[in-house]
Amino acid sequence: MQRYQLVLGGTVAGIAGVLAFPTHSTKLVIPSARASATTSTSPTTSAAPASKSSAASSSSTKSTTTTAPASTTRSATSADEQFRYGDVEVKVTVTGSKITGVTIAALNETDGRSAEIDNYAVPQLEQQVISAGSVNINGVSGATFTSQAFVDAVANALQKLGIS
Amino acid sequence: MSAATGTTPITHLEAVMGTVVGFTSPDPLPADGIAEAVRRLHEADRVFTTWDPTSPMSRLRAGQVTLDQLDAADAALIATVLDRCEVARGMTGGSFDPWSMPGGVDPTGLVKGWAASRARHALTDAGAANVMVNAGGDIAVSGRPAGGPWRVGIRHPAQPDAYAAVIEVTGAVATSGDYERPGQLIDPATGRTARVAASATVTGPDLDLVDALATGLAVGGAPVLAAIDRLAGYDGYLITDDGRHLATPGMRFVAP
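Residues numbered from 1 in each chain as written. Chains lettered and ligands numbered in written order. Predicted model: local features only at pLDDT ≥ 70, side-chain atom pairs only at ≥ 80, totals over all residues.

### Examining the overall build of chain A
Link 1 in the chain: When helices and strands are counted, chain A shows six helices and eight strands.
Link 2 in the chain: Helices and strands in chain A line up, N terminus first, as α-β-β-α-α-β-β-β-β-α-α-β-β-α.
Link 3 in the chain: Out of the 164 residues belonging to chain A, those deemed buried represent 37%.
Link 4 in the chain: Long-range contacts, defined here as pairs at least 24 residues apart, represent 58% of the contacts in chain A between residues at least 6 apart. (Helix = DSSP H or I, 4+ residues; strand = E, 2+ residues; numbered from the N terminus. Buried ≥ 20, exposed ≤ 12 C-beta atoms within 10 Å, placed from the backbone. Contact = placed C-beta atoms within 7 Å.)

### Some points on the confidence of the model for chain A
Residue and element names in this part refer to chain A.
Link 1 in the chain: Taken over all residues, the pLDDT of chain A has a mean of 51, while the share at 70 or more is 21%.
Link 2 in the chain: The lowest-confidence element of chain A is helix α1 (residues 8–14), averaging 27 in pLDDT; the highest-confidence one is strand β8 (residues 139–141), averaging 87.
Link 3 in the chain: Low pLDDT (under 50) marks residues 110–114, which in the prediction has 15 contacts with non-local residues, meaning those over four places away or in another chain.
Link 4 in the chain: Within the model, pLDDT remains below 50 along residues 144–150, and this stretch shows 29 contacts once partners closer than five positions in the same chain are excluded. (pLDDT = per-residue confidence, 0-100.)

### Quick notes on unusual backbone geometry
Most peptide bonds adopt trans geometry, and most residues besides glycine take a negative phi value.
Link 1 in the chain: Although it is not a glycine, M17 of chain B adopts a positive phi angle of roughly 55 degrees.
Link 2 in the chain: Its location among the elements puts M17 of chain B in the loop between β1 (10–16) and β2 (19–24).

### Details of the confidence of the model for chain B
Residues and elements named next belong to chain B.
Link 1 in the chain: Per-residue confidence for chain B gives a mean pLDDT of 88, with 90% of residues at or over 70.
Link 2 in the chain: Element-level mean pLDDT values for chain B span from 84 in β1 up to 97 in helix α1 (residues 31–48).
Link 3 in the chain: Confidence drops under a pLDDT of 50 for residues 1–6, and excluding neighbours within four residues, the segment shows 13 contacts in the predicted structure.
Link 4 in the chain: Long-range and interchain partners of residues 179–183, a stretch whose pLDDT sits below 50, account for ten contacts in this model, where long-range means more than four residues apart.
Link 5 in the chain: This prediction of the complex comes with two scores: 0.65 for pTM and 0.84 for ipTM.

### A short note on the sheet that holds β2 of chain B
Residues and elements named next belong to chain B.
Link 1 in the chain: Taken in spatial order, the eight strands line up as β1-β2-β3-β4-β7-β8-β9-β10 in an open sheet, and their pairing is antiparallel. On the outer flanks of this sheet lie β1 and β10 (245–247), each paired with one strand and no other. Here the average twist between neighbouring strands, direction ignored, is 10 degrees.
Link 2 in the chain: Pairing geometry for β1 and β2, over six bridges, is antiparallel. Considered in β2, the bridge of A15 is made with V20. (Pairing = 2+ DSSP bridges. Axes fitted to C-alpha atoms, helices over the stretch in contact; angles between N-to-C directions.)

This is the structure:
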């Protein structure tokens, strides 16, 4: 089985969209990597549950409510979750107990064939989400739920934040 | 099967094989065609289900019987399906491999598409020129509905109530992922649950092979997409775990 490598920069920048988190009904908005870097910039190296102070600084960066404990913005990065071609770390930002951001903190892919992959890229589809009811179709084909690796990573990050 | 504006009505719904199979046509469907199609679906369920330990396929898997000891008609169906599995295994370079499944050979990844394809042939043979058979997202068509080719929405892997794309289909389409029933995909290389694709769609002339190729694409990812690109008549559309959309040039995306 041959393996491949994705270009990390393009990959992370390309992740924009909305994820439904199947174990909760909450919808997770995934900002682009650049956007998230400016909105929730606590040092990702620190373990989040202990980082109340750094969390406060991150919420001040965001310049929203800074004092009320219920709306304190904190973030945590999950442990690596393995998937077929590597591992993924997800950074989850919460305000109070509400998820306000999910970003890919690290994505490690093994063995490379990025050039060949790029030949098949259809980047315009990455921006496209067609709502049901607005479209004339005869049938539906498809899998339903979010990537389990991603879900596991989000759950892990939430656990670190004391929200499970 | 969400309704949409101007959608051709579903003529018949049949609960079978752990899903609901719909027959859709712009024309009245012949009753004898429906009856034969339904019979074939239930026959496939009875012979191949791995949920029932007493099914012919389960007994074969468990080594309780050999093919020769089964009812001849059931054995012929199993032999046909295993032949198709072997073709699919070759086409995917081993990413689809029923012989590597825990508990013995398991053609489940191909059977639903194979059965739906046989149902579609039953309807066509009975005179239905324009028909879609949709077995829980494994879709075989012939002809066309009023107003153009059959159009199929590819469910958005992150949003169950939305589509990632709409494609036109003239033969068959199947989409595979690890999500409707998490853990259903096994990587033959490791024997473990495989995760690479959020959604893997394949189109082509035969739904059984299309179904198997979609399973292989979901497990094998982009290298399998390159393999599908080299198969005449087959195309693939892969949404990766990290949200990239990859497709072979022949995949017929249309504006929603």
